Structure formats: C-alpha cells, structure tokens
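Remarks on the overall topology
Chain by chain, the residues run as shown.
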Amino acid sequence: MKLNTSKTTLSIIALSILSISTSTQAHAQNFLKKHPQINPYQYEVVKEKAFDHGAVTSAHPLASMVGAAMMQEGGNAFDAAIATQFSLAVVFPGAGNIGGGGFMLARKANGEILGIDYREAAPSKANRDMYLDEKGNVIPGKSRDGASASGIPGSVAGMISTHTYAKLPLAVLIEPAIEFAEFGYVITEKEAKGLNSEKANFLKNSSAASAFTQKEWKAGDTLYQPELAATLKRIQKNGLAGFYEGATADMIVKEMEHSAGIITKEDLKNYKPKFRKPLEFDYKGHHIISFAPPSSGGILIAQMMKMIAPFGIEKMGYNTEASVSLMVEAQRRAYADRAEHMGDPDYWKVPTKTLISDAYAADRMKDYQPGVAGSSKITQAGQVHESEQTTHFSVIDGEGNMVAITTTLNDTYGNKTIVAGAGFLLNNEMDDFSVKPGVPNMYGAIGGEANSIQPGKRMLSSMTPTLVTVNNKPYISIGSPGGTTIPNQVYEGLVNIIDHKMTLKEAVDGPRFHHQWIPDVVAVEADFPEATVNALKEKGYTVTKRGRFGRMDGVQILPNGKRTAAGDKRGDDSVAGY
Ligand code: GLY
C-alpha cells in the first residue's frame with residue numbers, strides 16, 4: 001500500500017479476502033452484496049470530485065461511500081450522515097465512535113435549521129474536584145486516561161434523534177457498519193501505526209484484550225471487530241435500548257470498575273441529546289450557521305470574522321504578515337473570551353448575544369494596531385454584561401439538505417479503554433472541562449467557573465460544524481477535527497474561500513496557523529511561508545512550527561449546481577457521491 005500524493009490516491013489491496021473466518025458468516029452481507037462497488041478490501045482515497053446529485057466527505061473512503069450509497073438508495077443527507085457516522089465508528093476507530101459524542105448541524109432544503117447536541121455529559125457522581133488530590137493538585141492523567149475520564153456517551157442517542165429527519169429505516173443505515181465490523185476491512189498505514197502505538201495503553205486501560213490488540217498491525221491487514229458487530233446489532237434491533245440499556249449498558253458499567261470510572265446504569269438510561277438553536281451571522285454577503293454552546297466554535301468564528309471584517313483583508317493577500325497578524329489578533333481576543341465566558345448554557349449564563357455583536361467586536365479591536373504584536377498579558381477576556389482527535393464529515397444531498405457533523409472521543413482512541421465484550425472505545429471528554437481553574441487541558445486551553453465540572457453538565461467543546469448559505473440558498477458544509485484549533489481552522493477556511501477566492505480544495509489544504517490567547521504563540525504548520533514567519537517574528541510575535549493540524553472536510557455547491565467535495569490532504573479523507 002502506498003500513498004501517492006501527486007495523484008492523491010491511496011490504493012489499498014487486501015492481503016486476503018479468503019481469510020474471513022467461517023464463524024463470522026452468520027450475518028448475511030445484505031449491504032455489501034447489494035453494493036459491490038464498495039469493497040472493504042480494496043478501496044481508494046478520492047480527494048476531490050464534483051457530483052451531480054449528492055456528496056459526502058469524511059475521514060475514511062468506506063464511510064463516505066456508504067453515505068453516498070444511502071442517498072442513491074433514496075435517502076437524504078440525514079440518512080447519509082447517520083450511515084457515515086456508524087461506519088466511521090468501525091473503520092476509523094481513533095475518532096469515529098459510538099462511545100463518544102458530537103454535534104449535528106443541518107439546514108433542510110426548506111430553510112429550517114437544526115442543531116442536535118449529543119455531547120457527552122458528566123456522570124451523576126461527578127464533582128468539580130474529582131481530578132484533584134487532597135492538596136488540590138491535578139492528578140496527572142486521571143481526566144485523560146482510562147474509564148475515569150469518560151463522559152456519558154451521546155453518539156448513539158444523537159444519531160437516533162437525527163433519524164427523525166431521515167427517510168430510510170435505522171436498521172438499513174446501521175447495516176454497513178455491522179458488515180464492516182463482522183466481515184472486516186483493510187486498514188491503512190495510518191491506522192496500523194495508530195493501533196500499534198496505543199496497544200500498550202489499550203491493554204493497560206481495558207479489562208480485557210480486544211480486536212485492536214490481537215497483533216502488530218501493518219498496512220493491508222484486515223481488521224475484524226466481532227464484538228463491535230454484536231453491539232451494533234443490538235442497536236439495530238433495539239434502538240436506544242440496544243446501547244443505553246441491557247447487555248451493552250451492563251458491559252459499560254462493568255468496564256467502569258477496571259479504572260475507577262463512575263458512569264452508572266441510570267446515567268446511561270437518562271442520557272438525552274439536546275436541540276440547540278444554531279448560531280447565525282453574516283459576513284460579506286454570506287450567511288454563516290454554526291454550533292452554539294456547549295460548543296465554543298460558533299461564537300469564536302462569529303467573533304473572529306466580525307473583528308476582521310472592517311479591515312479589508314481581501315487586499316492583504318493570503319498568508320501574508322498583514323493578513324495573518326490581523327487574524328491572529330482576532331484569535332487572541334476571541335480565545336481569551338472562550339476561557340472566561342463559555343460553558344454549558346444549561347449551567348452557565350453564556351453571554352452569546354453580546355459576544356457575537358458587531359459593537360463588541362469593534363470594541364475588542366479598539367486597541368488593535370496593524371503591524372504591532374499584541375500581548376496576551378495585556379489582552380484579557382472582555383467585560384460583558386450579560387488528539388487532537390475528533391472527526392468531521394459533511395453531506396449535501398440532491399434536494400439541497402446540508403448536514404455537518406463533528407464527533408469525537410476527544411483524544412485519539414479516547415481514553416484507550418475498549419469496553420470488554422462490546423468492542424468500542426470510550427471517550428476521555430471529561431478533560432474538556434476545566435478540571436482546575438487556570439490549569440491547561442490536553443489542548444493547552446484553560447478555563448474557569450463557566451466550564452467547571454458538575455453532574456449532568458456538558459463540557460465546553462471546540463467542535464465547529466458549519467454551514468454557509470448565499471441569498472438563502474445552500475452553499476457550503478464544512479468542519480474539522482483538532483481540539484482548540486478547530487474554530488481557527490474553520491475561520492481560516494472560510495476567509496480563504498470568501499476573501500481569498502480559493503476553491504474549496506485549496507482552502508482546506510492551505511497551510512494553517514493557530515493562536516489561542518494562552519500560550520501567547522502563533523503555531524504554524526511546517527509548510528507555512530517562511531517569509532511570513534520571519535516577518536511575524538520581526539513584529540514581535542513568538543512563532544513556533546508544529547505538525548499538521550486538523551483534517552478539514554467540506555462539500556460546496558458550485559454555480560452550475562454540482563456538489564464539489566474536498567477531503568483534506570492531511571489524512572485519508574475521501575469524497576464520494578453520485
Ligand atoms: N474534544 C474536543 C472538543 O470537543 O473540542
């Protein structure tokens with residue numbers, strides 16, 4: 001298997017389809033037989049393509065193809081999204097999940113907008129100091145490692161709520177995931193490396209060995225997940241009760257005992273997704289719709305785009321010192337507000353209206369001086385009166401329904417605990433709370449009371465599924481993984497398209513930069529223009545190079561009505577459609 005970056009295709013050849021054990025043959029191949037073009041043992045990454053009807057971009061070719069197939073079978077963008085999410089839980093276990101949570105943002109073809117929050121919630125036994133020792137110090141790793149780091153998973157409930165807007169039976173939408181789990185799929189080099197590097201953690205944190213730990217993996221191996229297939233079949237048969245009650249719930253609660261986890265059967269049974277009114281704002285003739293708290297993403301992109309709007313960035317050039325320093329100064333100010341003002345709106349009064357107002361944006365930029373590096377010691381949160389690892393996928397169907405979903409286990413492979421007998425990974429989303437005021441989480445983000453732990457509360461997120469319309473017509477569905485870098489990625493992606501007139505593919509691939517107030521550093525990707533790095537340093541910015549961040553995926557409607565889909569060059573992200 002090799003990655004051919006010039007053609008941006010990845011050919012994956014199965015070692016042997018014949019090695020499927022006979023014991024896995026009990027479940028008929030209903031989906032795979034019907035769709036011979038979807039071959040889990042040989043598939044390609046397709047980075048960019050325009051389609052006449054519907055399109056999907058996700059982190060894995062098989063998951064994107066499943067979404068497209070559901071639309072071809074008569075389903076809409078919601079059907080495609082549900083089938084893609086369940087498939088990602090199998091073929092992209094590092095972030096695709098049923099043991100985590102996410103946000104579903106949609107705009108129906110009739111203009112109705114919807115936000116479903118299926119973010120994990122703190123268990124009923126959680127308390128604000130649960131990750132501190134008797135001296136009040138943070139216990140290293142406790143909010144990240146093992147079952148004690150888990151919030152109550154929301155993904156299955158989220159997908160079942162999303163199903164209200166779909167056309168095909170839920171059982172049909174889950175079927176491809178079951179078949180990938182039961183009959184196996186060929187893993188990529190990235191997946192093989194990921195599983196090998198976490199093997200010791202999987203074994204340490206889980207109460208039993210699992211499909212992931214059976215061998216040292218290499219590209220081209222086939223991964224079978226029979227326990228996960230059985231869990232998915234329980235969901236297929238019993239819906240919510242197939243996950244939140246009965247055998248699956250029993251297994252989750254049993255797994256808690258292994259590393260002092262606190263999720264109870266009642267916590268699982270009581271979990272409910274919440275409808276959130278999406279956040280909307282206008283930017284230079286574009287109407288932008290994004291996710292409201294408990295995501296910080298929608299507020300942040302609204303703040304940052306409003307802060308830069310008056311400065312004529314379109315004339316400053318792409319990734320020049322002038323455009324980057326302007327955008328960084330907006331990042332600094334917005335992320336300072338994130339740390340102070342944002343949390344679960346059911347537990348903390350988030351001053352959303354003020355934060356995204358034009359007047360507040362203008363006030364925050366009053367001390368901005370072009371060409372002068374700001375300082376996070378001076379810039380604090382505004383006074384107001386009132387694994388980098390996650391995955392994003394986008395769908396636009398033939399009718400014009402748009403869906404953007406970002407879903408996560410938090411870190412890559414979550415807390416590295418596989419629920420024994422149930423075959424899925426648990427999240428370590430509790431680390432997204434502020435476990436102690438001023439102490440950074442795994443993304444280096446700090447927070448305070450707004451994001452402190454309380455039973456039932458949802459931890460502040462950066463996930464930023466985003467939709468754009470122009471003249472009230474569907475235009476773009478976009479988003480990315482990457483912890484606190486996510487809002488900045490979406491902000492940069494939208495500015496690339498709207499101000500720098502880039503294609504969707506150019507916009508998602510372009511080298512990125514990230515500033516999050518604290519630390520007071522502009523982090524740039526390795527291929528960021530050297531001249532801009534030097535010019536920023538001359539102005540007084542601290543600039544550090546870091547590895548690639550995010551995997552931005554999107555679908556855009558072109559003026560000719562075609563749906564063009566683009567998968568980020570940074571991963572195996574792949575597009576499909578019809
Ligand atoms: N766990 C990453 C986020 O929700 O921001």
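Everything discussed here concerns the structure shown above.
Here we summarise the structure given alongside this text. All values reported here derive from a predicted model rather than from experimental measurement.

When you go through the protein chain residue by residue, the secondary structure sums to 17 helices and 22 strands. Whereas a compact globule of 578 residues would reach a radius of gyration of roughly 25 Å, the protein chain reaches 22 Å, a difference of no more than 12%. With the principal axes as the frame, the protein chain shows a C-alpha extent of 70 × 60 × 45 Å. When the accessible area of the protein chain is evaluated, it comes to approximately 20,000 Å², of which 54% is carbon and sulfur surface. Here the protein chain contributes 60 positive and 61 negative side-chain charges, whose respective centroids are spaced 1 Å apart.

Our focus in this paragraph is the sheet that holds strand β19 (residues 543-546). Hydrogen bonds between backbone groups are what pair the strands of a sheet, and the pairing can be parallel or antiparallel. Reading across the sheet, the three strands line up as β17-β18-β19 and stay open at both edges, with mixed pairing between neighbours. Sheet topology places β17 (513-514) and β19 at the edges, where each strand pairs with a single neighbour. Bridge analysis of β17 against strand β18 (residues 522-525) gives two bridges, and the strand direction is antiparallel. By the bridge assignment, Phe513 is partnered in β18 with Val524.

This part is about the pairing of strand β13 (residues 389-396). The element β13 is largely enclosed, with a buried count of eight among its eight residues. The side-chain alternation of β13 yields two buried faces, one formed by Gln389, Thr391, Phe393 and Val395 and the other by Thr390, His392, Ser394 and Ile396. What sits between β13 and strand β14 (residues 402-410) in their antiparallel hairpin is a turn of five residues, with Gly400 showing a positive phi close to 105 degrees.

Before going further, it helps to examine the site of the ligand. Close to the ligand lie Arg119, Thr390, Thr408, Asn410, Glu429, Asp432, Tyr443, Ser461, Ser462 and Met463. Side-chain polar atom of Ser461 to an oxygen atom of the ligand: 2.7 Å apart, as the coordinates give it. Within the backbone of Ser462, an N or O atom sits 2.7 Å from an oxygen atom of the ligand. Relative to its unbound accessible surface of 200 Å², the ligand loses 99% to contact with the protein. For the shell around the ligand, the per-class residue count stands at two nonpolar, five polar and three charged.

Our focus in this paragraph is the packing of aromatic side chains. How two aromatic rings sit relative to each other is set out by the distance from centre to centre and by the angle between their planes. For the structure on display, the rule yields nine aromatic pairs. Aromatic side chains Phe78 and Tyr165 sit 5.4 Å apart centroid to centroid with 40 degrees between the ring planes, which places their arrangement in the tilted category. Here Phe78 is found in helix α3 (residues 77-91), whereas its partner Tyr165 is found in the loop between α4 (155-162) and α5 (170-183), with 87 residues between them in sequence. Residue Phe78 shares its accessibility class with Tyr165, and that shared class is buried. In textbook terms, an aromatic cluster arises when at least three aromatic residues are bridged by ring pairs, as seen for Phe243, Tyr244, Tyr271 and Phe424.

Basis of the calculations
- Within each chain, residue numbers correspond to sequence positions counted from 1 in written order.
- The predicted nature of this model means local features are confined to residues of pLDDT at least 70 and side-chain atom pairs, given and counted, to a pLDDT of 80 or more, with totals for whole chains, interfaces and linings taken over all residues.
- Note that water and hydrogens are dropped before the side-chain values are worked out from all heavy atoms of the structure.
- The secondary structure listing takes helices from DSSP runs of H or I that are at least 4 residues long and strands from runs of E that are at least 2 residues long, numbered from the N terminus.
- Note on method: radius of gyration uses C-alpha positions; expected globular size equals 2.2 Å times residues raised to 0.38.
- Only the protein chains shown count as cover for residues, and all accessible areas are computed by the Shrake-Rupley method using a 1.4 Å probe.
- Charged residues are defined here as Lys and Arg on the positive side and Asp and Glu on the negative side; His and the ends of the chain fall outside this count.
- Taken as the charge centre is NZ of Lys, CZ of Arg, CG of Asp or CD of Glu, depending on the residue.
- Strand pairing is assigned whenever DSSP detects at least two bridges linking the two strands.
- A simple rule labels every residue: compare its accessible area, found with a 1.4 Å probe on the protein chains alone, to the largest value its type can have, and call it buried under 20%, exposed over 50%, or partly exposed in between.
- If even one non-hydrogen atom of a residue comes within 4 Å of a molecule or strand, that residue is called near it.
- Contacts described as polar in this section are N or O atom pairs within 3.5 Å, which, within protein, must combine one atom able to donate a hydrogen with one able to accept it, while residues neighboring in sequence count only if both atoms come from side chains.
- Under the scheme applied here, ten amino acids are nonpolar (Ala, Val, Leu, Ile, Met, Phe, Trp, Tyr, Cys and Pro), four are charged (Asp, Glu, Lys and Arg), and all others, including Gly, are polar.
- Here a Phe, Tyr or Trp ring, Trp counted by its six-membered ring, pairs with any other such ring whose centre lies within 6.5 Å, and the pair is stacked when the planes are under 30 degrees apart, edge-to-face when over 60, and tilted otherwise.

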